[in-house]
Amino acid sequence: MLRLLFLLLFIVFSSEAEDIKSQETHYLPVDWVNQIVATKGTPSYLYAATLFGVYKSEDKGVIWQTENDGLKSLIINVLLIANKDIYAATDEGVFIKEIDSSLWEKVGLSDIFVYSLANFGETVYAGAIDKIWRSRDSGKNWELAKECVGTILSIVTTNGCILAVSYEKGVFVSYDKGESWENIGPKDMGARDLVIKGNNLCLATEKGFMVTEDWDNNWKELNYGLFSKELQTITLTEDRLYVGSLLGGVFQSKDCGESWEAINTGLDNTNIRHLFIDPDNEKKIYAATEKGIYITETGGVDWKPSKLVRIEENPPLPITPESVRERMEKLGIPPPAEEGEKEAKEE
């Protein structure tokens, strides 16, 4: 009987709900964040790639604003800051804008799902399914640099070489700006992300942390303390490694991966899509999760959510017994008794 009454109340108040929706601006959490990047120098801006577009922060993540003018798709897979430009890889190709501009322009790779971006000087590389693309003119024209490589989820450029991380086939290395490539494995490990620490290549895979000291197909697994081995991202400071996992949150290692410890206090979501370390403060780390951005200023001792939101004028209002009861109270209508209260009165 109580459920039927709530249903009738829902019908009665539906028109009122429409009026509320048309009058209010609602701030809703941006749930799925894929990546965080930052400009160099002063001022420094943060950018977040989300499933609701690109967000920019001018105050280290306190306030975020959208920067989506000109984008044909708001599904942003990855961002790249190269010189004075910022690139956005979407499910409808690559877009570019100047950092000081607010308008995006499409520059190529239409209908290609781009998973990763990196630059080597003026040349930009894009990782896709089974292909690595290359542009020598700021994205205006693209050429095929390598094919049959699996899904390229990460590209790193350093010390005159390019490293591309293939989910299926491991790491590809090029020492000649992408003209030729060598595969150094490990294959079938679900490789996702890579950093270089000293002479070591450190790899985050879906089967744990792996490292090679000779840049050859000679990898070893180091998973002591990793209770969640399905890793998605890796980053580092001078003395520590950090990895983000699918279910276990963030882990740190102080001995180059020999042992790991979880650092998740305050993390309400432990699906870590990306980790970014503030270039001005290595204890300040940003974690991109499927439930927004979390920030630590203590090197992972504790985390706090960032107030990253998206604005919707007319989101669906939740209709629950609690919301109906609250609305009735605002209108001065006595709400119906709860089941327990009803039974007590009948006795």
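Residues numbered from 1 in each chain as written. Predicted model: local features only at pLDDT ≥ 70, side-chain atom pairs only at ≥ 80, totals over all residues. Heavy atoms only, no water.

Thoughts on the environment of Val301
Here Val301 shows up in the loop between strand S27 (292–296) and strand S28 (304–305). Residue class for Val301 comes out exposed when judged on its relative accessible area of 59%. Spatially, the C-alpha atoms of Val301 and Ile263 are 6.3 Å apart, while their sequence positions differ by 38 residues. Beyond its immediate stretch of four places on either side in the chain, Val301 contacts Thr265 and Thr296. (Helix = DSSP H or I, 4+ residues; strand = E, 2+ residues; numbered from the N terminus. Buried < 20%, exposed > 50% of the residue type's maximum accessible area, 1.4 Å probe, protein only. Contact = heavy atoms within 4.5 Å.)

A look at the sheet that holds strand S16 (residues 182–185)
The sheet built from seven strands is open, its strands ordered S10-S11-S12-S13-S14-S15-S16 with antiparallel pairing. Strand pairing shows two members of the sheet lacking a second neighbour, strand S10 (116–120) and S16, which therefore form its edges. The average angle at which neighbouring strand axes cross in this sheet is 35 degrees, direction not considered. In this structure, S10 lies alongside strand S11 (residues 123–127), joined through five bridges in antiparallel fashion. Residue Ala118 lies in a different strand from S11, and its bridge partner there is Tyr125. (Pairing = 2+ DSSP bridges. Axes fitted to C-alpha atoms, helices over the stretch in contact; angles between N-to-C directions.)

Brief notes about the side chain of Ser253
As for its placement among the helices and strands, Ser253 is situated in strand S23 (residues 250–253). We classify Ser253 as buried; its relative accessible area is 1%. A distance of 2.9 Å separates a polar atom in the side chain of Ser253 from a polar atom in the side chain of Asp255. Among the polar contacts listed, one links the side chain of Ser253 to the backbone nitrogen of Gly257, at a separation of 2.7 Å. Residue contacts for Ser253: discarding those within four places in its chain leaves Asp239, Arg240, Leu241, Glu258, Ser259 and Trp260. (Polar contact = N/O pair within 3.5 Å; in protein donor to acceptor, adjacent residues only side chain to side chain.)

Some remarks on the packing of aromatic side chains
Taken as a whole, this structure holds four aromatic pairs when the rule is applied. Seen in terms of ring centroids, Phe209 and Trp260 are 5.1 Å apart; in terms of plane orientation they differ by 65 degrees. Their pairing is edge-to-face. Here the residue Phe209 occupies a position in strand S19 (residues 208–212), and Trp260 occupies one in the loop between S23 and strand S24 (261–262), the gap between them amounting to 51 residues. What makes Trp260 buried here is its relative accessible area of 6%. Between the aromatic rings of Phe276 and Tyr286, the centroid separation amounts to 6.1 Å while the plane-to-plane angle is 40 degrees, which identifies the pairing as tilted. Highlighted residues: Phe276 in strand S25 (residues 272–277) and Tyr286 in strand S26 (residues 285–289), separated in sequence by ten residues. Each member of the pair, Phe276 as well as Tyr286, is classed as buried. The aromatic ring of Tyr45 is capped on one face by Lys56, whose charged end is 4.1 Å from the ring centroid. Taking the ring centre of Trp104 as reference, the NZ or CZ of Lys97 above it sits at 5.6 Å. (Phe/Tyr/Trp six-rings, centres within 6.5 Å; stacked < 30°, edge-to-face > 60°. Lys NZ or Arg CZ within 6 Å of the ring centre and 35° of its normal.)

Treat this as a map of the structure, not an account of what it does.
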